[in-house]
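Overview (structure and organization)
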Amino acid sequence: MEAGGRPGIFPLSTKKNLSNYLIECLENMSQAQLPSKTIPNFSLSDAYRTALEIKEVRENRKDKASGIKVGFTNKTIWDKYSVNAPIYGFMYSSTVLSNKQSFSPEKFLEPKFEPEIFFRLSKKPHREMSDIDLIACCESFGIGVELVQSIYKGWTFKLPDTVAGFGLHGQYKILEEMPIPSDENNRVVVINQLKNFNLTLKKNSKIMEHGKSKNILEESPLAALRSYIEFCEKNLDWLVLNGPITTGTITDAYDINKADVFCCEFDRLFEKKFVVKF
């Protein structure tokens, strides 16, 4: 999808009004200037403060923060996007979709497709928990697809830019959700499957990539969930309960064009193929 116009303008030497500027770029499909290039010493801490300011604006519009996007957990794509750590961003009531709702790629710049495992926390965990105790803090888990987007031309940015730029989040669609087993032995089975699954991703019947669980922080989606918990222990405003917490893309992100059909097939965890049409 082509960019929707030249980069907007904001005061180059100040962080003031950056959140409103970025929201305007998103809503108007206008490419944004990189905060890291236009604001002196723009840091990751600055970016997370901007994300909280954006959250306040959106919630004042009745667009409630209802989930968390954990991004850049797939270390196989770090070099491609010039990043070196996970990021965290809010998802909203307007951007989390049920299986029956349709994506709106026409509303976003340079949209891409990412298959992602998610968890739904029912109570606050802590980072030192074992996997069995951590997953017991979740009421459910499942598979979904994130439509990611970039208001920065050509998906070129630095890590703080991505955090300020909505965590690159566009929409997240839940494809299937399953309860966490109450029996500990069955929870162990789920944990083992989460650590050892493989995924085949096809686009228009062509195999694009064979992804695997260990792409996620070289371990599994549970490692991404744990990284989010560690982040929340230092940033209390970011804890979201009862909403989907994504864990990052299992494969690279792939361009979305009109009429594209994607297919995700797991070798365990989920028995059926998941087809997403645009």
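See the structure shown above.
In what follows, the accompanying structure is described. This is a predicted model, so every value here is computed, not measured. The residue count restarts for each chain, going from 1 along the sequence in the order it is written. Selection of residues for local features in this predicted model requires a pLDDT of at least 70, selection of side-chain atom pairs for listing and counting requires 80 or more, and totals for whole chains, interfaces and linings are taken over all residues. Heavy atoms throughout the structure, all of them, feed into the side-chain values; hydrogens and water do not.

Looking at empty space enclosed by the protein
For the record, the criterion: Points on a 1 Å grid, built from protein atoms alone, make a cavity when a 1.4 Å probe fits but cannot get out and make a pocket when they are open with protein on both sides within 12 Å along at least 5 of 7 lines; residues with an atom within 4 Å of a point are the lining residues. Grid points are joined across faces, edges and corners, and a volume is the space filled by probe spheres set on the points. Each helix is a run of DSSP H or I of at least 4 residues and each strand a run of E of at least 2, with the numbering of both proceeding from the N terminus. Residues are grouped as follows: Ala, Val, Leu, Ile, Met, Phe, Trp, Tyr, Cys and Pro are nonpolar; Asp, Glu, Lys and Arg are charged; every other residue, Gly included, is polar.
This structure, assessed with the given rule, holds one cavity of 30 Å³ or more. Residue lining of the largest cavity: 16 residues in total, with Lys-69, Gly-71, Phe-72, Glu-114 and Thr-249 positioned closest to the centre. Elements represented by at least two residues in the lining of the largest cavity include exactly strand S1 (65-71), strand S4 (112-121) and strand S5 (138-148). Looking at the lining of the largest cavity element by element, the count peaks at three residues for S1. Grouping the constituent residues of the lining of the largest cavity by class yields seven nonpolar, five polar and four charged.

Details of the pattern of salt bridges
Going by this rule: What counts as a salt bridge is simple: a side-chain nitrogen of Lys or Arg found within 4 Å of a carboxyl oxygen of Asp or Glu. Each residue gets one of three labels from its accessible area relative to the maximum for its type: buried under 20%, exposed over 50%, partly exposed in between, using a 1.4 Å probe on protein chains only.
Taken as a whole and assessed by the stated rule, the structure comprises 16 salt bridges. In this structure, Glu-233 engages Arg-127 in a salt bridge whose closest nitrogen and oxygen atoms are separated by 3.2 Å. Here Glu-233 is found in helix H8 (residues 221-234), whereas its partner Arg-127 is found in the loop between S4 and helix H5 (131-136), with 106 residues between them in sequence. Owing to a relative accessible area of 31%, Glu-233 belongs among the partly exposed residues under this scheme. In this structure, Lys-203 engages Asp-260 in a salt bridge whose closest nitrogen and oxygen atoms are separated by 3.6 Å. In this pair, Lys-203 sits in strand S7 (residues 198-203) while Asp-260 sits in the loop between strand S10 (254-255) and strand S11 (261-266), placing the two residues 57 residues apart along the sequence. The residues Lys-203 and Asp-260 share a single accessibility class, namely buried. Three or more residues are tied together by salt bridges with common partners; here these are Asp-131, Lys-195 and Arg-226.

Structural notes on the sheet that holds strand S12 (residues 274-277)
The condition is simple: Here, any two strands with at least 2 DSSP bridges between them count as paired. Every angle, taken between N-to-C directions, lies between 0 and 180 degrees, and every axis is a line fitted to C-alpha atoms, over only the stretch in contact when it is a helix.
The four strands are arranged S8-S7-S11-S12 in an open sheet whose pairing can be described as antiparallel. Lying at the two open borders of the sheet, with one neighbouring strand each, are strand S8 (206-212) and S12. Each neighbouring strand pair of the sheet contributes to a mean axis angle of 20°, computed without reference to strand direction. Of the strand pairs in this sheet, S11 and S12 are connected by four bridges, and their pairing is antiparallel. Bridge pairing links Val-261 to Lys-277 in S12.

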